[in-house]
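Each chain is listed here by its residues.
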Amino acid sequence: MPDLDVSIHGHVALLEIQRPPNNFFDEELINDLADSFEALDTDNSVRVLVLAAAGKHFCAGANFASPARDPDKRRPAPAEDAGNPLYEAAVRLFACRKPVVGAIQGAAIGGGFGLAVMPDFRVVCPEARFAANFVKLGFHPGFGLTYTLPKLIGGQKAARMFMTGERIDGETAFQWGLADRLTSADRLRDEAFALAQEIAENAPLAVQSVRATLRAGVADAVKVQTDHENREQNRLRRTNDHREGVKAVAERRPGNFTGT
């Protein structure tokens, strides 16, 4: 796993994404994370996971400036009912049994936002940035965000983020309940570990039991929701607006959308 480092610190496992500075994600990275989560689930010495990323940003989503994302050069859009291996891997993350603390710095955008929302808890710094910018791509939200985000910040604020593509900072995320602790950028990793240690010092079977109660059905619900999100994404992928949105984001300009 060249882009993912896993290290054990007492009862806490650190999983660090290593694709700096932007830590763009793809199917391979999410599968590597899911494989690691599942392996750590079987390690009785590990009680809590910390998900972090090296570099400036936690995860700036997919790389829409890459030639592979050029809508004029990509393969034809899949059928609406075609599956998505990326989302199958994402569901595996939600199925893990042990608590996860996310350490979020810089950008968590699009699918990277979905990855940042997956942990049980988030520690952020004021410089963190969260955005569900899918509508700016002429696209439907994914990674289960339409299920997970409303549960964290409420349906109204989630709708606002989804329909405007608005970006919020770490302080706003903390005020809205998206983040559990707010700290300085230089203290981010330490604070994430401190929260993980607070959890890890308790009886592990009891912690996992409580977590299972609180998150009962979450992985199944995310599977249903990502299936729906994927169908909508496959449908919208065929539109002129999506082609324009990808170009506009790559060129860092507003999209010129036509509703076609």
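Residues numbered from 1 in each chain as written. Predicted model: local features only at pLDDT ≥ 70, side-chain atom pairs only at ≥ 80, totals over all residues. Heavy atoms only, no water.

A. Up close: the packing of aromatic side chains. Tallying each qualifying case throughout the model produces two aromatic pairs. For the pair Phe 25 and Phe 143, a centre-to-centre distance of 6.1 Å together with 85° between the ring planes defines the contact as edge-to-face. Placement of the pair is Phe 25 in the loop between strand 2 (12–17) and helix 1 (27–41) and Phe 143 in the loop between strand 7 (129–131) and helix 4 (145–153), with a sequence separation of 118 residues. Comparing Phe 25 with Phe 143 shows no difference in burial state: the two are buried. The interplanar angle of 50° and the centroid separation of 5.6 Å between the aromatic rings of Phe 113 and Phe 130 together place this pair among those described as tilted. Of this pair, Phe 113 sits in helix 3 (residues 111–117) while Phe 130 sits in strand 7, and the two are 17 residues apart along the sequence. When the ring centre of Trp 176 is taken as origin, the NZ or CZ atom of Lys 157, which lies over that ring, is 5.6 Å away. (Phe/Tyr/Trp six-rings, centres within 6.5 Å; stacked < 30°, edge-to-face > 60°. Helix = DSSP H or I, 4+ residues; strand = E, 2+ residues; numbered from the N terminus. Buried < 20%, exposed > 50% of the residue type's maximum accessible area, 1.4 Å probe, protein only. Lys NZ or Arg CZ within 6 Å of the ring centre and 35° of its normal.)

B. Inspection of the nonpolar core at higher detail. Ranked by internal contacts, the top residues of the largest apolar core, which has 58 residues, are Leu 33 and Phe 130. By size, the runner-up hydrophobic cluster in this structure holds 16 residues, among which are Val 101, Ala 103, Val 123 and Phe 193. (Core = buried A, V, L, I, M, F, W, Y, C linked by side-chain atoms within 4.5 Å.)

C. View of the packing of helix 2 (residues 85–94) against helix 9 (residues 218–236). One way to put it is that helix 2 packs onto helix 9 with a least axis distance of 9 Å and a crossing angle of 160°. Taken together, the axes of helix 2 and helix 9 are roughly antiparallel relative to one another. You can see that helix 2 and helix 9 cross each other, and the crossing is right-handed. Counted together, Tyr 87, Val 91 and Phe 94 of helix 2 and Val 218, Ala 219, Val 222, Lys 223, Thr 226, Asn 230 and Gln 233 of helix 9 form the full contact between these two elements. Residue composition of the contact of helix 2 with helix 9, grouped by class: six nonpolar, three polar and one charged. (Axes fitted to C-alpha atoms, helices over the stretch in contact; angles between N-to-C directions. Parallel < 35°, antiparallel > 145°, perpendicular 65-115°, else oblique. Left-handed = near helix turned anticlockwise from the far one by under 90°. Contact = heavy atoms within 4.5 Å. Nonpolar A, V, L, I, M, F, W, Y, C, P; charged D, E, K, R; others polar.)

D. Inspection of the sheet that holds strand 7 at higher detail. Taking strand neighbours across the sheet as the criterion, the three strands line up as 5-7-8 in an open arrangement whose pairing is mixed. At either end of the open sheet lies a strand with only one pairing partner, and these are strand 5 (107–109) and strand 8 (167–169). For this sheet, the mean inter-axis angle between neighbouring strands, taken without regard to orientation, is 15°. Of the pairings in the sheet, the one linking strand 7 to strand 8 comprises three bridges and is antiparallel in character. Bridged to Ala 131 within strand 8 is Arg 167. (Pairing = 2+ DSSP bridges.)

E. Main features of unusual backbone geometry. With omega at 0°, the peptide bond leading from Pro 20 into Pro 21 counts as cis. Despite not being glycine, Asn 23 has its phi angle at roughly 55°, a positive value. Relative to the assigned elements, Asn 23 resides in the loop between strand 2 and helix 1. Here Asn 23 falls in the buried class, since its relative accessible area comes to 0%. We note that Arg 252 has phi near 55°; this positive angle belongs to a residue other than glycine. As for its position among the elements, Arg 252 is in the segment after helix 10 (240–250).

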